[in-house]
Structure formats: structure tokens, C-alpha cells
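A structural walkthrough
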Amino acid sequence: MIKMMVNLKTATAELTAGNNTPAHNGFEEILQRALSLKELGLLDKAVAEYENLLKTDCPPSKIIPGMMDCLLKTQSPSKIIRKIDKVVHGLRLSALRIAQIHFVLGLENERRGHEDLALDMYRAASEADPKNKKIKEKIIRIVSKLYSGSRYDYLLRKKMVTPDQLRTALSLSKKTKQSVEYLLIEQFNIPKIEVGESLSLYYKCPFRSFDPKTAVPVELIGNLKKSFLLHDSWVPMSWGKNGVEILIDDPGDLRKTGQIRGLTKTTRIIFSVGIREDIEKYVFHFFDGKTESSAKDMITELDMIPDIDFEEEDDDLLEAEEDLLNEESSQVVRLVDQVIINAYRKNASDIHIEPSPETRKTGIRFRLDGVCQEYAQVPEHMARGILSRLKIMAGIDIAERRLPQDGKIKFRRKGVKPFELRLATIPTAGGREDAVLRVLASAGAMAFSDMGLNERNMKVMERILDQPYGMILVVGPTGSGKTTTLHSALGRINNPGIKIWTAEDPVEITQIGLRQVEAKPKIGLDFARIMRSFLRADPDVIMIGEMRDFETASIGIEASLTGHLVFSTLHTNSAPETVTRLLDMGLNPLNFSDSLLGVLAQRLLRRLCPKCKKKYHPSREEFDEIISEYGREAFKITQIEYTPDLTLYRPWKCDACSGTGYKGRMGIHELLEGTPEIKALIKKKSTSEQILKISAGQGMATLKQDGIVKAFLGLTDMDEVRRVCIN
Ligand SMILES: [Zn+2]
């Protein structure tokens with residue numbers, strides 16, 4: 001008895017000491033009995049006595065510990081709490097006594113290491129006895145203890161949230177059924193990015209918030225129920241080379257993650273963490289968004305290829321499977337559709353299909369913003385099926401595997417805007433075949449003012465476009481945006497008063513008002529031939545896709561000298577070089593110099609993501625290096641000086657840019673104007689160096705110089721400028 005009393009001298013004694021408990025209304029006897037029964041091992045009977053004690057005025061600190069000792073032999077702590085709770089509620093005790101019982105239950109659970117249960121009990125106690133400071137202190141202490149090393153640890157450590165606020169958010173969360181994270185953001189004004197950081201640090205995976213621009217992963221949601229995803233708070237986001245990305249509110253929940261692995265039929269899962277409300281938004285977006293019909297229709301049509309095997313195949317299986325996987329295989333058909341749709345949705349310009357004998361995989365890469373990125377890998381043996389399928393779609397010879405072929409695919413699927421792809425197949429080493437698809441997304445023309453021309457170039461360009469006749473050339477390698485620029489320029493002059501003919505291969509951009517002809521060299525309809533027919537078809541403006549040869553170029557010049565405005569492109573690296581290239585082709589220097597209005601050389605480079613780009617102050621050395629790349633003397637014109645607040649930007653990563661640090665592209669330009677001095681140089685067949693020197697004196701910036709200025713403006717970084725401007 002004495003021993004027990006000592007044991008029971010816990011913090012509770014203090015709590016209950018203030019209460020005027022009427023001494024000895026018989027509980028000592030019952031307590032003694034309970035204790036004896038407990039020591040004898042008659043636990044059920046002991047528990048019954050303890051229950052009786054709850055009805056008396058016996059302090060809970062004398063009842064609960066012993067009662068728990070007995071019950072713990074057979075039950076879990078959470079069950080015990082429920083049991084005791086039930087008893088308590090059946091007894092119609094005063095609020096204060098209920099608070100005392102809950103408080104002692106809290107202490108006992110905390111002592112035994114069940115801190116989450118303890119917190120629940122303290123909260124229940126506080127509810128019944130809201131003014132009790134001791135209970136509140138206990139809650140704050142346990143919350144900060146419980147949530148250090150928790151998903152809120154970072155927020156607590158950075159003092160962005162106090163344990164008290166967190167406690168409030170937790171209990172509010174239970175009432176409102178909103179997530180704690182959501183409440184922290186909405187009610188406590190904690191920046192979402194910080195909440196995300198906290199989750200990301202705790203779960204060691206990326207945080208992702210809702211972005212309405214996210215493409216619907218049709219192939220992944222096909223087999224899943226909306227209500228199920230909403231209930232379990234996770235959603236598949238995308239399917240890439242590393243596997244399937246799943247956004248979930250708690251990546252540490254093994255029950256859910258195990259279930260997800262089962263459902264997606266792959267072990268390659270990358271989890272990212274999000275707040276529950278964002279996950280719900282994604283679910284609604286994916287299932288009910290604007291793309292609703294498309295998603296649903298496509299699910300029935302495409303299903304998914306959920307069981308694509310990412311694992312290595314056994315050797316002897318290969319041959320047998322290859323037979324199965326002919327072009328009729330629905331799996332291949334679906335895979336090809338999926339890849340194309342995904343590329344289209346991601347705004348990829350090209351799809352590369354590359355079977356490799358070394359890795360025994362077929363790599364699929366997308367070109368996004370001008371840079372190839374790995375998209376997925378499928379088993380090597382699927383390559384032949386994929387190639388055959390593509391050939392069938394493009395209507396080219398399926399049996400020809402030893403020679404390159406090209407064709408066009410008109411891609412029409414429910415829920416996707418119809419678009420075209422150009423297919424090129426190329427036999428590669430080891431009897432394999434690669435395929436490259438160019439996505440010809442039919443876009444409208446870009447506004448002239450959005451071209452990213454600097455002030456000088458804009459002025460000169462406008463002056464050139466106002467001319468009634470002459471030749472305007474846009475030059476650069478494949479993929480430098482020449483067609484976009486030409487259409488943007490045509491868009492500026494396009495009006496009902498003039499007739500504009502274009503010859504393109506293929507027609508990638510359409511504009512109302514333009515009459516556009518697609519070249520078909522296979523049947524002899526090449527640029528030169530189209531040009532000649534244009535001249536008989538009353539044109540004011542002619543755009544010719546490319547001046548590939550002497551014939552096309554000379555017809556172009558002829559047309560420009562007979563009163564037409566002629567636009568074309570060339571695959572040359574710089575504006576001055578274009579002049580010498582055309583002269584080398586054998587064009588008449590006098591005619592050419594008369595006709596030339598201007599040459600715009602251009603490159604596309606990636607724009608820094610405006611959401612996450614990081615400002616920094618370059619070192620003196622870095623600055624000097626950039627100046628020497630620009631040309632020390634010429635740099636003065638930029639009026640950029642090395643001051644302490646001079647800044648450049650570097651890429652970082654965020655959701656908006658899928659972690660690449662770049663978003664979208666922009667042009668850099670080198671615009672050579674056909675001034676009288678330049679025309680004189682052309683007549684003399686001068687070198688491109690001489691032309692560069694004079695035009696630089698007249699205000700022309702080179703591609704690299706234009707890029708450097710744009711880097712100082714924070715639009716891009718020097719790595720990008722150097723990448724696209726190889727000297
Ligand atoms: Zn970003």
C-alpha cells in the first residue's frame with residue numbers, strides 16, 4: 001500500500017490536489033482490493049474494481065496507472081483508451097473529473113512512449129477543462145516534441161509556426177476536415193513554398209503543388225477510380241524514363257504506397273509529396289477538367305499499357321516474344337499512340353526512337369525547348385513493332401528496313417486536336433532502325449512584337465517590311481525558328497489588299513489570308529517549280545521555304561527585282577556569311593545587291609524560368625570573360641558596367657519548369673540591313689569579314705552580342721548563349 005502510494009506520486013497528484021475530494025468515501029478499500037487482485041494476476045477482476053473506482057472520488061492518478069498495467073497485458077494502448085473512454089461516458093461524471101481522467105491517461109501514455117495517444121488525451125482533457133493551464137502547457141510541450149523530426153519540423157525550426165499554432169491547426173484540421181498544411185497556408189499565412197519545403201525535407205522527395213497546365217496522364221488514370229483517388233489522397237502524374245510519378249499526401253504511408261505499387265503494376269515509382277487539397281484538385285482536373293471527354297474517350301480507346309515491362313528480358317525469351325510482337329500487337333499500337341500524345345501534350349518538337357544493342361533497350365527521347373530529354377525506355381524487342389506501326393501510319397514501305405524512308409502521319413484521335421507528324425526512318429548499326437518524328441503542331445503565327453527583337457532590330461525590320469519589293473532572308477540551322485519568324489513577318493504585312501503566296505515543306509504554320517502550297521519533291525513539285533507558277537499567279541508577296549539551290553535562289557531574286565517582296569530562308573550560320581554563300585552559288589552580284597533588303601540570322605535559346613531563376617553578382621573574372629566574348633571595344637555601346645549591383649541569373653528548379661530551370665524559348669538575332677554601303681560591298685564580292693566590319697559599324701550586333709545583352713537582362717544565361725553560338 002505504501003509502496004503503491006509512492007508510485008502514484010506523479011504530476012497528477014498536484015493536479016488533483018486542489019480539488020476538494022471528500023476523503024474516504026470507501027474508495028481506499030476498493031483500491032486495496034484492486035491492487036491485491038492485480039498482484040494475484042486476476043486481471044479481469046482487478047479491472048472491474050478499477051472501473052468501480054472511477055465512480056468514486058478516488059483521484060484518477062490512483063486508478064489509471066494500475067488499470068492500464070492490467071489492460072496492457074492483453075490489449076493495445078489505443079484500445080484501452082477507447083475502453084476507458086466508454087466506461088467514463090457511461091458514468092455521467094462531471095466535466096472536471098472527465099478532464100482529470102483524460103489527463104492522467106495522457107500522462108500514462110506519454111510515459112509509455114505513446115505520445116500521439118497522449119496528445120489526443122491531453123486535447124480531450126483540455127476540451128473538458130479549457131481554462132486549465134497545466135494541460136495546455138503539456139500539449140504545447142508534447143506537440144513540439146512530437147513534431148520535431150516530423151513533417152512540420154522545418155517550419156518549427158525556422159519559427160514560421162509555433163507549437164501552439166500547430167496545435168490549433170491540428171485540432172482545426174480534425175473539425176474542418178481540411179489538411180493541416182492547407183490550414184497553415186490559408187489561416188496562418190505560411191508561404192506554400194515553405195510548407196512544401198518542410199514536407200519535401202521530411203519525406204526526402206520533391207514537393208509539387210497544383211498547376212492547372214499539367215497534362216492529363218490519360219494513360220495512367222484509365223484504370224483508376226476518381227472516388228478512390230480522392231479517398232486515398234494520391235494521384236498519378238506522369239510516366240517517364242524512371243517510372244511512374246505518384247503525387248501523394250504521405251509518402252511514408254506504407255499501406256498506401258504498397259497498394260499503389262500493386263495498382264500501377266510497376267516497381268518503378270517516384271513519389272512526390274503534395275498537400276491533400278492540391279491532390280484533390282489534380283484528381284478533379286484529370287477526371288472532370290476541360291479534357292473530361294477526351295480523357296474518358298481515350299481511356300476506352302487507348303486503355304493503357306500498364307504492364308510494359310521495364311525489366312531486362314531473358315535471352316531465350318527474346319526470340320519467342322519478337323514473333324508475338326508484330327505490328328498487329330495492340331500493345332505496340334497503344335504504346336505508339338501514347339508516346340505521340342504525350343509528346344504533343346508536352347510540346348515536344350521531335351520524338352526519337354532509338355533501339356540499342358548495348359543496353360538492350362529502346363530509348364525514347366523527346367526534344368523539348370530545343371534539348372533532347374529521355375522520356376522512356378521500352379524493351380529492345382519492341383523496337384521492330386514500333387517501327388512497323390509507324391511505317392503503317394505514315395503509309396511507307398513496311399518491309400524496307402535497309403534504306404532510309406520518310407513519310408507523314410496524320411494523327412487523329414478522339415480528344416486530341418488533329419495534328420501531323422513527319423516520320424524519318426534510318427537504318428542503324430546491327431540491323432536496327434531508328435525513327436525520328438517531327439511534331440507539326442499547326443500553330444498560328446507569332447505576333448511580330450513577341451519575336452524578342454531588340455530595339456534596333458525591330459526598327460530596321462519594320463523599315464524593311466515597309467518596302468514594296470526586294471528580298472528578305474531569315475537564316476540559321478534547322479530548328480532555329482526560321483519558319484516562325486517568317487510567318488510572324490508575313491503576319492505583319494498580311495492584309496486583304498495584297499496577295500501572298502507561300503511554298504513550304506511542310507506547311508507548319510497556317511494563317512488566314514495566306515495561300516499556302518506544300519512542296520512535294522517526290523512528284524517533282526519542288527520549290528523552283530512552285531516559284532515559277534507563283535510568278536504567273538499575280539503575287540505581291542512570295543515566301544519560299546528555302547533557297548536550296550541556284551535555280552530557286554535566282555528565281556527569287558528575279559521575282560524581287562520585278563516588283564515582289566520575297567521571303568526565304570537559308571541554312572547559314574551568320575548574316576554576312578549568307579551573302580557570300582549566295583554569291584558562291586553563282587548569283588549575279590549586281591542583281592543580288594539590288595534586291596537584298598536584309599538578312600536576319602537567328603537562334604533559339606532557352607528562357608530562364610521566371611519563377612525560380614536565381615540572381616547573382618558575377619565575379620570580376622566572369623564579367624571580363626563575357627566582355628572579351630562580346631568584344632571589348634564593342635561592349636561599350638551596351639553601357640553595362642561592372643558595379644556592385646550588376647546581376648546575372650542562373651537556372652534553378654521548380655514545378656513550373658519541371659526542374660529544368662528553363663521555360664520556353666526566345667530568339668537572338670543578327671540583322672544585316674542592305675544599306676548602300678553593304679550593297680556596294682556585295683557588288684565588289686567582298687568577304688564576309690569585310691561585310692561584318694561595315695555592318696557592325698552601322699549598328700548590327702552579332703548573335704552572341706545580342707545573346708549577351710539578353711543574359712544581362714535576365715532573360716537567359718551565358719551557358720545558353722554559348723551553347724547556341726558556337727564561334
Ligand atoms: Zn522553374
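Just above, that's the structure.
Residues numbered from 1 in each chain as written. Predicted model: local features only at pLDDT ≥ 70, side-chain atom pairs only at ≥ 80, totals over all residues.

**Comments concerning the sheet that holds strand E18 (residues 662-673)**
Sheet strands associate in pairs through backbone hydrogen bonding, adopting either a parallel or an antiparallel arrangement. With mixed pairing, the 7 strands of this open sheet are ordered in space as E12-E11-E13-E14-E10-E15-E18. Two strands close off the open sheet at either side, each with one partner strand: strand E12 (514-518) and E18. When the angles between neighbouring strand axes are averaged without regard to direction, this sheet yields 20°. Bridging between strand E15 (residues 596-608) and E18 involves 10 bridges; their strand directions are antiparallel. Of the residues in E18, the one forming a bridge with Gln602 is His669. Across the sheet, helix H22 (residues 455-465) lies against strand E10 (470-475), E15 and E18, angled at about 60° from E18, the strand it touches most. Helix H32 (residues 703-712) contacts E15 and E18 of the sheet and is inclined by roughly 135° relative to E18. (Pairing = 2+ DSSP bridges. Helix = DSSP H or I, 4+ residues; strand = E, 2+ residues; numbered from the N terminus. Axes fitted to C-alpha atoms, helices over the stretch in contact; angles between N-to-C directions. Contact = placed C-beta atoms within 7 Å.)

**Digging into the pairing of strand E8 (residues 416-428)**
Relative to E8, strand E7 (residues 405-413) runs antiparallel, the two being bridged by 8 bridges. The partner of Phe411 across the bridge, within E8, is Phe419. Strand direction decides the pairing type here: E8 and strand E9 (residues 432-440), joined by 9 bridges, are antiparallel. Across the sheet, residue Thr428 finds its bridge partner in E9, namely Arg432. Connecting the antiparallel pair E8 and E9 is a turn made up of 3 residues, with Gly430 showing a positive phi of about 80°.

**So, unusual backbone geometry**
In this structure, the amide linkage connecting Asp505 to the following residue, Pro506, adopts the cis form with an omega of -5°. Structurally, the position occupied by Pro506 is in the loop between strand E11 (500-504) and E12. Here the phi dihedral of Gln639 falls at roughly 60°; this positive angle occurs in a residue that is not glycine. Inspection of the secondary structure puts Gln639 in the loop between helix H29 (632-635) and strand E17 (648-650).

**With respect to the packing of helix H5 (residues 60-72) against helix H7 (residues 95-111)**
When two helices pack together, their arrangement is given by the angle between their axes and by how far apart the axes lie. The N-to-C vectors of H5 and H7 enclose an angle of 45°; their axes lie 9 Å apart at closest approach. Taken together, the axis directions place H5 and H7 in an arrangement best described as oblique. Like other packed secondary-structure pairs, H5 and H7 cross with a definite hand, here right-handed. Only Gln100, Ile101, Val104, Leu105 and Glu108 of H7 make contact with H5, whose side of the interface consists of Pro60, Ser61, Ile64, Pro65 and Met68. (Parallel < 35°, antiparallel > 145°, perpendicular 65-115°, else oblique. Left-handed = near helix turned anticlockwise from the far one by under 90°.)

**Structural notes on the nonpolar core**
One broad trend across soluble globular proteins is that nonpolar side chains are buried collectively. Among the nonpolar cores identified, the biggest contains 74 residues, and Tyr122 and Val235 are the most heavily contacted of them. If you look at the next biggest cluster of nonpolar residues, it comprises 65 residues, including Leu490, Ile530, Val566 and Ala601. (Core = buried A, V, L, I, M, F, W, Y, C linked by C-beta atoms within 7 Å. Buried ≥ 20, exposed ≤ 12 C-beta atoms within 10 Å, placed from the backbone.)

**Side note on the sheet that holds E7**
The 6 strands are arranged E6-E5-E4-E9-E8-E7 in an open sheet whose pairing can be described as antiparallel. Each having just a single partner strand, strand E6 (371-379) and E7 make up the two edges of the open sheet. Across this sheet, the average inter-strand angle for adjacent strands is 20°, counted without regard to direction. Where strand E4 (residues 350-356) and E9 come together, 4 bridges link them in antiparallel fashion. Within E9, the residue paired with Asp350 across the bridge is Arg438. Running at roughly 115° to E8, helix H20 (residues 330-345) makes contact with E4, strand E5 (361-368), E6, E7, E8 and E9 of the sheet.

**A look at the packing of helix H8 (residues 115-128) against helix H9 (residues 133-146)**
Contact geometry of H8 with H9 gives a least axis separation of 10 Å together with a crossing angle of 155°. Classified by the interaxial angle, the pair formed by H8 and H9 is roughly antiparallel. For the crossing formed where H8 meets H9, the hand is left-handed. Along the contact surface, H8 presents Glu115, Asp116, Ala118, Leu119, Tyr122, Arg123, Ala125 and Ser126, while H9 presents Ile135, Lys136, Lys138, Ile139, Ile142, Val143, Lys145 and Leu146. For the contact of H8 with H9, the per-class residue count stands at 9 nonpolar, 1 polar and 6 charged. (Nonpolar A, V, L, I, M, F, W, Y, C, P; charged D, E, K, R; others polar.)

**Side note on the pairing of strand E13 (residues 541-544)**
Alternating residues of E13 divide into Val541 and Met543 and Ile542 and Ile544, and every residue in both groups is buried. Where E11 meets E13, 4 bridges bridge the pair, whose relative direction is parallel. Counted as the bridge partner of Trp501 is Ile542 from E13. For E13 and strand E14 (residues 565-570), the ladder comprises 4 bridges, and the chain directions are parallel. Within E14, the position partnered with Ile544 by the bridge is Ser568.

**Quick look at helix H3 (residues 27-40)**
An ideal rise of 1.5 Å per residue puts 20 Å on 14 residues; H3 measures up with 20 Å between its terminal C-alpha atoms. Among all positions in H3, only Phe27, Leu31, Ala34 and Lys38 are buried. Taken end-on, H3 shows its buried residues confined to a sector of 60°, consistent with a single buried face. Away from the buried face of H3 by more than 90 degrees, exposed residues Glu29, Glu39 and Leu40 are located. Each element contacted by the buried residues of H3 is listed here: helix H4 (43-55) and H5. Gly41 sits one or two positions beyond H3 and adopts a positive phi of about 90°. (Expected span 1.5 Å × (residues − 1). Arc of directions from axis to C-beta.)

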